[in-house]
Amino acid sequence: MPANVRVENLRKSYGSTAAADGVSFDITAGEIFALIGPNGAGKTTTLECVIGLREPDEGRIEVCGIDARRRPHEVKQKIGAALQTSVLQDKITPREALTLFGAFYRDRDAPEALLERFSLADKADAPFDSLSGGQRQRLALALAFVNKPELVFLDEPTAGLDPQSRRELHDEIARMRNDGHTVLLTTHSLDEAEALCDRIAIIDRGRIVATGTPRELVAGSSRAAAVTFVTSQPVEAAWLASLPGVQDAECDGTSGRLRSDDARRTTAELMRLFEARGIELVALHVDKASLEEVFLDLTTRREAGA
Amino acid sequence: MSGLLQQLVVSLKLYSRNTMALVYGYVFPTIFLVAFWVLYRYDKVPLARHMGELLTIAVLGGACFGLPTTMVSERERGVWRRYRLTPVPTGYLVVSTVLARYLILISAGLLQIVIAMGIGMPLPRHPFQLWLAFTFVAFAFLGLGLVIAMLADNVPAVQALGQCLFLPMLIIGGIAVPLASLPDWAQHLSAFFPGRYAVDAIQACVTGDGLGAAGFNLGALLVIGIAGCVAGAKLFRWDAEQRFVARAGKGWVGVAILAWVAVGLAAEARGRVSIVRTAEPAETTPAAASGRTAAPFAPNPSLSPAEQAAMQAASSAPAANSTTPPASTTTAPDRTASSRGTPPAGPAATPALPPPAPATVPQPAPTPAPVASAPPSPPPAAAASASPKTWQAVTAADIDRDFIFTRLPPDEGVVTPIAPPDEVPAQEVLDELEGIRAALPTWKPGKVEDPVQRARNLLYVAAVPDIFQLPMERYVPQLVFDQLLQDIPKDDLIKILYWIGMHPMDGTDAAVDQLRPLGLGNGPSDAEQLRERTAIYAVKLLGRITGRRPAR
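Attention now goes to the overall build of chain A. Scanning chain A from N- to C-terminus turns up 11 helices and 14 strands. In chain A, which comprises 306 residues, the proportion classed as buried is 39%. The contacts of chain A with a sequence gap of at least 6 include a subset with a gap of at least 24, amounting to 67%.

Structure follows, in structure tokens:
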């Protein structure tokens, strides 16, 4: 599959703070791609540079094969975006907004079709200030689709939504994938990223610190697995410390936990140890790192090192 | 293109749904219109003289508040951010937003004109040029509105900034308060605000000679508008998170300010600042002025020489006037003395004019009323033995003793003004003056038996426009003086004018309620003020015909 978005060495500074400090990533056509990272990591700046809201200081951006920095208006014809805080004028109606924004594009979808698709038909002629939060968000999405975009950008699409609206939105994003759209979204929520996205890029302090599918990120993590066990007789922590690859071993009578860089070897050694001492193993769990742990590792380690 | 049209249509639709904006755009200027109508209710043609002010106020409100409020509130909401995601260049959207506002201003202006015409104003003299002038005015103020929109970080800041421009311009910029009523410094300051150029340009199309003579005004508006648009474009920000202080290129505000200063300096350099000169383009377009205004107003130029001749006669031929004592020989030297400051070695350098008057003056010179001796009601003749008992007994010595002509209010001031003979009034004033000139010889109160009362009555005709500050106030005195000189033998007139100056409260003022045949309304309710102004005009005329206080 050809890359639909290619960002190379993107840099953007505000004064002395570098919001994007050499960001690079590719998004393949038809993929749902998430940029995740803590507040102020540079997600929104990166996104805004890609969609042409901001002019980067440096770097190369290619969208649908078009140099986005040279021909931003061409790119804008092909993409749709729903930003945070897209509040429209109080008295504009969804139908008017869709007609207005549609008129800005060469190729456009009929307002009626969009109203239908985003369940806004019964609010088509209601002023914006009478819409609920979920309805406003759906209108923002409808506006992103007004030009039949190849690529859709969603900045924190579920922020501030109630669970019901959030689920509807997740369904909508899944539908975008089925329709063959490429989607780039930013989010705080790891669950959301994990559930919705094909690939994730973790961004921190203006840099991409990891990219991959959720599974790859977890598997590729150098983070130690957590091993917990329950035994028939009390165990002493000192016995465990001598095992290969073990860190932070703790025991509390018949239960204990430890961390291991090499879970397979550690558990094998652990079994051998219990057998040698005649201790019966009641339960044993090995947990690879969660996405959240990977994320926290990646985003706090740098802090410690900085 | 269709996107911009769509945006313009939506802008207008949204405007029409915003009650506050409608109140501000249409009701607010109408309130001014009604206020002006009431304030200037003595105008013969309602509101025509004030359309410059009224339309400028309508534009100013829509441009200094309306446009930036809309733009800043949309920016705060993220609408402009949303627009920026579309392929349409942001500049185009700014243009269509400003264009929508221009259409709103046009509709508000039309509403003002329609209401004014409903009240009785005739159709503006140059409707097409009025549209053109209005467009220039709108351009200048919309440019200003753009700068405000870019300076203000939020809507309250728009209000604050807008007020900072709106109020000074209304009050000392020549919009709500006529420039003629402002002190000199304010007239000079107003040259640095666009308001007065807007008022002048529009007014020229409503009642004046059109834009032919308004080149400077249009140029000033254009410069201010371009500077505003350039600064607005350079400062443009679509994102509410960009605060103004954090922006690069703040210096572009200076461009807008520089344009105002440049226009002000140009106006100063061209001597267009003083209101007397800007009253009508007598200087700037001599052709237009002499071509159309001199003819209907022929008596005025012809009369001022006549008056001068009269003054010459009064000063140089005292012997011919049997009733005038020889003391009047002092008048000719006095003229030169007062202008040069030192008495020449004339034959009789009697210090008649230089204040203070000789010790024989019985009353101290009163401070507020510039008529030198104005003891209110008790007849001063009784108190001062030297004062004449009847008007027939007045002598030149009485005049010299009782009046200090140098203390009269200046002719170009606000109280009892008299236009210089070569000043050409505006067209609509000319028409009104013609009406008075035609009606004055047959006006009944000007025909009463008693010559003193007759003179009083005629002088009231000058005093009433002065009190109401009608635009004709500067020109009517000359008509009245002419009529008096025609009607009453000069020697008698000198004595009568002295008498009126000394006895302002005598006689009746019933004549002020019979001004309708002259095209004026009822007289003022403040009789004392009326009498006082009448007396001052009497003494001013006295000074002119005796040469004690020449016209210039």
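Next comes the rest of the write-up.
With that settled, consider helix 10 (residues 263–277) of chain A. Under the 1.5 Å per step criterion, the end-to-end length of helix 10 of chain A is 21 Å for 15 residues, consistent within 8% with the ideal 21 Å. Just downstream of helix 10 of chain A lies G278(A), where phi reads positive at about 70 degrees.

With that settled, the discussion passes to the interface of chain A and chain B. Taken together, the contact pairs 21 residues of chain A with 19 residues of chain B. Among the elements that line the side of chain A that touches chain B, the one with the most residues is helix 3 (residues 94–102) of chain A, at four residues. Among the residues making up the side of chain A that touches chain B, the classes are represented as 12 nonpolar, six polar and three charged.

Another aspect to go through is the confidence of the model for chain B. Residue and element names in this part refer to chain B. Per-residue confidence for chain B averages 77 on the pLDDT scale, and 77% of its residues sit at or above 70. A low-confidence stretch, residues 275–385 stays under pLDDT 50, and its non-local contacts, those more than four residues away or across chains, total 154 contacts. Across the interfaces of the predicted complex, the ipTM metric reaches 0.80, alongside a pTM of 0.67.

Through backbone hydrogen bonds, the strands of a sheet pair up, either in parallel or in antiparallel fashion. All names here are of chain A. The strand order across the open sheet built from six strands is 6-7-8-3-9-10, with neighbouring strands paired in mixed fashion. Strands at the two margins of the open sheet, each flanked by one partner only, are strand 6 (79–82) and strand 10 (207–212). Averaged over all neighbouring strand pairs, the angle between strand axes comes to 15 degrees, with direction disregarded. Examined bridge by bridge, strand 9 (residues 199–204) and strand 10 share five bridges and lie antiparallel to one another. Counted as the bridge partner of I202 is A210 from strand 10. Set on the sheet, helix 1 (residues 43–50) makes contact with strand 3 (32–36), strand 7 (151–155), strand 8 (182–187) and strand 9; between it and strand 8 the angle comes to about 150 degrees. Running over the sheet, helix 5 (residues 133–144) touches strand 6 and strand 7 and is turned about 165 degrees from strand 6.

All right, on to the environment of S255(A) then. All names here are of chain A. Residue position: S255 is located in strand 13 (residues 255–260). Taking the C-beta count within 10 Å as the criterion, S255 has 15 such neighbours and is therefore assigned partly exposed. Counting along the chain gives 19 residues from S255 to E236, while the straight-line C-alpha distance between them is 9.9 Å. Ignoring anything within four residues of it in the chain, the contact list for S255 reads F229 and V230.

In this section: the pairing of strand 7 of chain A. All names here are of chain A. Within strand 7, five of the five residues are buried, which leaves it mostly tucked inside the rest of the structure. By the alternation rule, side chains of strand 7 split into L151, F153 and D155 and V152 and L154, which are all buried. Bridging between strand 6 and strand 7 involves four bridges; their strand directions are parallel. Across the sheet, G80 pairs through a bridge with V152, a residue of strand 7. For strand 7 and strand 8, the ladder comprises five bridges, and the chain directions are parallel. Within strand 8, the position partnered with F153 by the bridge is L184.

All names here are of chain B. Among the nonpolar cores identified, the biggest contains 164 residues, and V137, A201, I202 and L221 are the most heavily contacted of them. Here this core gets 17 residues from one element, more than from any other, and that element is helix 6 (residues 127–151). For V137, the contacting residues outside a window of four places in its chain are T56, V59, A198, A201, I202 and L221. If you look at the next biggest cluster of nonpolar residues, it comprises 56 residues, including F403, L470, L530 and L541.

What follows deals with the packing of helix 3 (residues 51–77) of chain B against helix 9 (residues 195–206) of chain B. All names here are of chain B. Look at helix 3 against helix 9: their axes get within 7 Å of each other, and the N-to-C directions meet at 130 degrees. What the angle tells us is that helix 3 and helix 9 run oblique. Seen along the crossing, helix 3 lies across helix 9 with a hand that is right-handed. Contact residues: helix 3 offers M51, G52, E53, L55, T56 and V59, while helix 9 offers G195, A198, V199, D200, I202, Q203 and V206.

Below, the discussion takes up the sheet that holds strand 13 of chain A. Residue and element names in this part refer to chain A. Strand order in the open sheet formed by four strands is 12-13-11-14, with antiparallel pairing between adjacent strands. Single-partner strands in this sheet number two, and they are strand 12 (246–252) and strand 14 (281–287). The sheet shows a mean angle of 10 degrees between the axes of neighbouring strands, taken without regard to direction. With six bridges connecting them, strand 11 (residues 225–231) and strand 14 associate as antiparallel partners. The partner of T228 across the bridge, within strand 14, is H285.

Residue and element names in this part refer to chain B. By the secondary structure assignment, G118 is in helix 5 (residues 90–119). Look at G118 and you get exposed, because 9 C-beta atoms sit within 10 Å. Considered as a pair, G118 and P46 are 72 residues apart in the sequence and their alpha carbons are 10.0 Å apart.

This part takes up unusual backbone geometry. Residues and elements named next belong to chain A. Here E156, not a glycine, exhibits a phi torsion of approximately 50 degrees, which is positive. Judged by the 19 C-beta atoms lying within 10 Å of it, E156 falls in the partly exposed class. Even without being glycine, R205 reaches a positive phi, approximately 50 degrees.

Criteria and cut-off values
- Residues numbered from 1 in each chain as written.
- Chains lettered and ligands numbered in written order.
- Predicted model: local features only at pLDDT ≥ 70, side-chain atom pairs only at ≥ 80, totals over all residues.
- Helix = DSSP H or I, 4+ residues; strand = E, 2+ residues; numbered from the N terminus.
- Buried ≥ 20, exposed ≤ 12 C-beta atoms within 10 Å, placed from the backbone.
- Contact = placed C-beta atoms within 7 Å.
- Expected span 1.5 Å × (residues − 1).
- Nonpolar A, V, L, I, M, F, W, Y, C, P; charged D, E, K, R; others polar.
- pLDDT = per-residue confidence, 0-100.
- Pairing = 2+ DSSP bridges.
- Axes fitted to C-alpha atoms, helices over the stretch in contact; angles between N-to-C directions.
- Core = buried A, V, L, I, M, F, W, Y, C linked by C-beta atoms within 7 Å.
- Parallel < 35°, antiparallel > 145°, perpendicular 65-115°, else oblique.
- Left-handed = near helix turned anticlockwise from the far one by under 90°.

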